[in-house]
Amino acid sequence: MNQVSVINELLKVEEVSKICNVSKCTAYKLMKQINDELEAEGFITIKGRVNKHRLLKKLGILDQ
C-alpha cells in the first residue's frame, strides 16, 4: 500500500459525523476513543483523524 492510499484511509471529523449520523462533538469523542485504543496498541495517531478501517470495524460495519 502506498503512502497516498494510507492517507486516504484517515477520516476527518466531518466524514465521521456523516458516516455515523452524529454531531461533530460526538464524532470527536468516537475518534478519540478509537485513537486511544490504537495508541494503547502501540500505533501512532493524528489528532483530528481516525483510521477508516478501525472506525467501520468498531461500528460493526466490517467483520474483519
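(A) Layout of the environment of Lys-12. As for its placement among the helices and strands, Lys-12 is situated in the loop between strand S1 (10-11) and helix H2 (13-20). Sequence separation of Lys-12 and Lys-52 is 40 residues, and the distance between their C-alpha atoms is 9.5 Å.

(B) Main features of the nonpolar core. Membership of the largest hydrophobic core is limited to ten residues, which are Leu-11, Val-13, Val-16, Cys-20, Ala-27, Met-31, Ile-34, Leu-38, Val-50 and Leu-55. Of all elements in the fold, only H2 and helix H3 (24-40) reach the threshold of two or more residues within this core. If you tally residues by element for this core, the top one is H3, at four residues. If sequence neighbours within four positions are ignored, Met-31 has contacts with Leu-11, Lys-12, Val-13, Val-16, Gly-48, Arg-49 and Val-50.

(C) Here's a closer look at the packing of H2 against H3. Between H2 and H3, whose axes approach to 9 Å, the crossing angle comes to 100°. Judged on the interaxial angle alone, H3 and H2 are roughly perpendicular. Residues Val-13, Glu-14, Val-16, Ser-17 and Cys-20 of H2 pack against Lys-24, Ala-27, Tyr-28, Leu-30 and Met-31 of H3. Looking at the contact of H2 with H3 residue by residue, the class counts come to seven nonpolar, one polar and two charged.

(D) View of the confidence of the model for the chain. Per-residue confidence for the chain averages 89 on the pLDDT scale, and 86% of its residues sit at or above 70. Looking at the elements of the chain, mean pLDDT is at its lowest for helix H1 (residues 3-8), recorded as 58, and at its highest for H3, recorded as 97.

(E) Structural view of the side chain of Asn-35. Checked against the element boundaries, Asn-35 lands in helix H3. In this structure, Asn-35 is in contact with Thr-45, Ile-46, Arg-49 and Val-50, ignoring residues within four places of it in sequence.

(F) Quick look at the pattern of salt bridges. Applying the stated criterion across every chain, the model contains four salt bridges. The salt bridge partner of Glu-14 is Lys-24, with a shortest N-O separation of 3.8 Å. Of the two residues, Glu-14 sits in helix H2 while Lys-24 sits in helix H3, which places them ten residues apart along the sequence.

(G) Spatial organisation of the side chain of Thr-45. Relative to the helices and strands, Thr-45 resides in the loop between H3 and strand S2 (50-51). When near neighbours in sequence (up to four residues on either side) are disregarded, Thr-45 contacts Asn-35, Leu-38 and Glu-39.

What counts and what doesn't
- Residues numbered from 1 in each chain as written.
- Predicted model: local features only at pLDDT ≥ 70, side-chain atom pairs only at ≥ 80, totals over all residues.
- Heavy atoms only, no water.
- Helix = DSSP H or I, 4+ residues; strand = E, 2+ residues; numbered from the N terminus.
- Core = buried A, V, L, I, M, F, W, Y, C linked by side-chain atoms within 4.5 Å.
- Buried < 20%, exposed > 50% of the residue type's maximum accessible area, 1.4 Å probe, protein only.
- Contact = heavy atoms within 4.5 Å.
- Axes fitted to C-alpha atoms, helices over the stretch in contact; angles between N-to-C directions.
- Parallel < 35°, antiparallel > 145°, perpendicular 65-115°, else oblique.
- Nonpolar A, V, L, I, M, F, W, Y, C, P; charged D, E, K, R; others polar.
- pLDDT = per-residue confidence, 0-100.
- Salt bridge = Lys/Arg side-chain N within 4 Å of Asp/Glu carboxyl O.

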